[in-house]
Amino acid sequence: MGILETRDLTKRFGKLTALNKVNLSVNEGEVFGFIGPNGAGKTTTIRLALGILQASEGSVSVFGMDAWKDAVAIHERLAYVPGDVNLWPNLTGGEVIDLFVSLRGKHDPARRKDLIERFDLDPSKKCRTYSKGNRQKVALVAAFASEADLYILDEPTSGLDPLMEQVFQACVLECKEAGKSVFLSSHILHEVERLCDRVAIIREGQVVDTGTLSELRHLTQINILAETAKPLTGLEALKGVHGIEKQDGALRFQVEHDALGPVMEMVGKAGVIRLESSPPTLEDLFMRHYSGNGGE
């Protein structure tokens, strides 16, 4: 049994089915990515795992315990960061961090100090003065300073600048090295690609794909726009090249990482006039692979 496991997890709000028979299993010591568009059911799944909501059907267990019935015991070993953090306005950031870590019993004061420095947080300020990014930092410091066994992170880098995103990613990898488990809900594909061992993709309340990133290769395709002096012929014969389209005298296509070398060699021989590359967005991914029923 996984550290966090759902079996045919279903949640209805009146006539609306927010989750429909969702099956997930997060293993000990892995970073598990959970991605999907807004409204797909990511946060509902997390609230069920936290014992905030009760399932309509199916089950969700954490550490082998029932998420609804055993929520208090589960939360002693779990750290959670939401995507939009609300804090007590009259407490300082440091006081809130101390309150959160004390709820879990064990924490390391030296790590708390180190995390505050790394996230460039002033813990002496009242929470009412914090920006959204600083409120996220308070929650992240409190979570990573705790001796938790499972970290549930729901869009945790919302409001953080790119430098702080790198600090966050380093903290996740440190948790993994320490044998901890991380359940990461994110819409940032490059973040998922860098951090996660396995990924589940949810759409309209149903999981449409689960696997390692090598199994879900379409997650890591690079978007290329190439304009060359000579016609770029033979591209469609290369393995790992997809979706070739003509656009304003150039070719737009997607390339898997392993095929990038041969493609660049071919583009170079044709004489580069213009070359643009960009990582796929979640919107690209869902338009290309998951439009229609279950991605078929």
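Just above, that's the structure.
This is a predicted model, so every value here is computed, not measured.

What counts, and where the lines are drawn
Residues numbered from 1 in each chain as written. Predicted model: local features only at pLDDT ≥ 70, side-chain atom pairs only at ≥ 80, totals over all residues. Heavy atoms only, no water. Helix = DSSP H or I, 4+ residues; strand = E, 2+ residues; numbered from the N terminus. Contact = heavy atoms within 4.5 Å. Areas by Shrake-Rupley, 256 points an atom, 1.4 Å probe, with all protein chains shown as cover. Lys, Arg positive; Asp, Glu negative; His and termini not counted. Charge placed at Lys NZ, Arg CZ, Asp CG, Glu CD. Pairing = 2+ DSSP bridges. Axes fitted to C-alpha atoms, helices over the stretch in contact; angles between N-to-C directions. 1 Å grid on protein atoms, 1.4 Å probe; cavity = no way out; pocket = protein on both sides within 12 Å on 5 of 7 lines; lining within 4 Å. Points joined across faces, edges and corners; volume = space filled by probe spheres on them. Nonpolar A, V, L, I, M, F, W, Y, C, P; charged D, E, K, R; others polar. Expected span 1.5 Å × (residues − 1). Buried < 20%, exposed > 50% of the residue type's maximum accessible area, 1.4 Å probe, protein only. Polar contact = N/O pair within 3.5 Å; in protein donor to acceptor, adjacent residues only side chain to side chain. Core = buried A, V, L, I, M, F, W, Y, C linked by side-chain atoms within 4.5 Å. Salt bridge = Lys/Arg side-chain N within 4 Å of Asp/Glu carboxyl O. Arc of directions from axis to C-beta.

S.K.: Describe the overall build of the protein, naming the residues involved and giving the relevant values.
M.R.: Summing up its helical and strand segments, the protein has nine helices and 14 strands in all. With respect to the principal axes defined by its C-alpha atoms, the protein has extents near 65 × 45 × 35 Å. Put simply, of all contacts in the protein between residues at least 6 apart along the chain, 68% involve residues at least 24 apart. A total of about 14,300 Å² of accessible surface is found on the protein, and carbon and sulfur atoms cover 50% of it. Where the 34 positive side-chain charges of the protein centre and where its 41 negative ones centre are 3 Å apart.

S.K.: I'd like to hear about the sheet that holds strand S3 (residues 31–35), residue by residue, with values.
M.R.: Strand order in the open sheet formed by six strands is S6-S7-S8-S3-S9-S10, with mixed pairing between adjacent strands. Every interior strand has two partners, whereas the edge strands, strand S6 (78–81) and strand S10 (206–212), have only one. Each strand axis lies, on average, 15° off the axis of its neighbour in the sheet, ignoring direction. Pairing of strand S9 (residues 198–203) with S10 involves six bridges; the strand directions are antiparallel. Across the sheet, the residue bridging to Ile 201 is Asp 209, located in S10. Running at roughly 170° to S6, helix H5 (residues 132–145) makes contact with S6 and strand S7 (150–154) of the sheet.

S.K.: Requested: an account of the layout of surface pockets, with residues and values cited.
M.R.: Space left empty within the atom packing is revealed by a probe, the size of a water molecule, rolled over the atoms. In this structure, the largest pocket encloses a volume near 380 Å³. In terms of lining residues, the largest pocket is bounded by 18 residues, among which Tyr 80, Pro 82, Phe 100, Leu 103 and Arg 104 are the most central. Taken together, the elements giving at least two residues each to the lining of the largest pocket come down to S6, helix H3 (93–103) and H5. Here the residues of the lining of the largest pocket are counted per class, giving 14 nonpolar, two polar and two charged.

S.K.: Before we move on, could you go through helix H6 (residues 162–177) and cite the residues and values that matter?
M.R.: Over its 16 residues, H6 extends 23 Å from the first C-alpha to the last, a length consistent with the 22 Å expected when each residue adds 1.5 Å. Among the residues of H6, Met 164, Glu 165, Val 167, Phe 168, Gln 169, Cys 171, Val 172 and Cys 175 are the ones counted as buried. Check the buried side of H6 and you find it contacts S3, helix H4 (109–118), H5, S7, strand S8 (181–185) and helix H7 (189–195). Looking at where H6 begins, the residue whose side-chain oxygen comes 3.1 Å from the main-chain nitrogen of Leu 163 is Asp 161. Immediately beyond the C-terminal end of H6, within one or two residues, lies Gly 179, with a positive phi of roughly 85°.

S.K.: How would you summarise the pairing of strand S1 (residues 4–13) if you had to cite specific residues and measurements?
M.R.: Across five bridges, S1 lies against strand S4 (residues 57–62) in antiparallel orientation. Counted as the bridge partner of Leu 4 is Val 62 from S4. Of the pairings in the sheet, the one linking S1 to strand S2 (residues 16–26) comprises seven bridges and is antiparallel in character. Note on S2: the bridge partner recorded for Phe 13 is Leu 16. Between the end of S1 and the start of S2, which pair antiparallel, lie two residues, with Gly 14 showing a positive phi angle near 65°.

S.K.: With reference to specific residues and values, describe the nonpolar core.
M.R.: Counting 47 residues, the largest nonpolar core has Phe 119, Phe 144, Leu 153, Phe 168 and Val 199 as its most contacted members. With eight residues, H5 is the single largest residue contributor to this core. The contacts of Phe 119, once residues within four sequence positions are left out, are Lys 137, Leu 140, Val 141, Met 164, Val 167, Phe 168 and Cys 171. If you look at the next biggest cluster of nonpolar residues, it comprises 25 residues, including Val 22, Leu 78, Ile 152 and Ile 202.

S.K.: Tell me about the pattern of salt bridges, residues and numbers included.
M.R.: Tallying each qualifying case throughout the model produces 17 salt bridges. As a salt-bridge pair, Asp 84 and Arg 135 come within 3.9 Å of each other at their nearest N and O atoms. On the criterion of sequence distance, the pair formed by Asp 84 in the loop between S6 and H3 and Arg 135 in helix H5 is long-range, its members being 51 residues apart. The closest approach of N and O atoms between Lys 180 and Asp 149, which form a salt bridge, is 3.7 Å. Linking Lys 180 in the loop between H6 and S8 with Asp 149 in the loop between H5 and S7, this pair joins segments that are 31 residues apart in sequence. Classification of Asp 149 by relative accessible area gives partly exposed; the value is 28%. One continuous salt-bridge network, built from bridges that share partners, spans Arg 111, Asp 114, Arg 118 and Glu 174.

S.K.: Could you give an account of H3, with specific residues and numbers?
M.R.: Taken as a whole, H3 has its buried residues at Gly 93, Gly 94, Val 96, Ile 97 and Val 101. Along the axis of H3, the buried residues cluster in a sector spanning 160°; they form a single face.

S.K.: Got a sec to walk through the sheet that holds S4? Specific residues and values, please.
M.R.: One open sheet holds the four strands; their spatial order is S2-S1-S4-S5, and the pairing between them is antiparallel. Taken across any chain shown, the strands that pair with only one partner, and hence form the sheet edges, are S2 and strand S5 (65–66). Strands in contact with helix H1 (residues 42–49) are S1, S2 and S4; relative to S1, the strand with the most contacts, it is inclined by about 115°.

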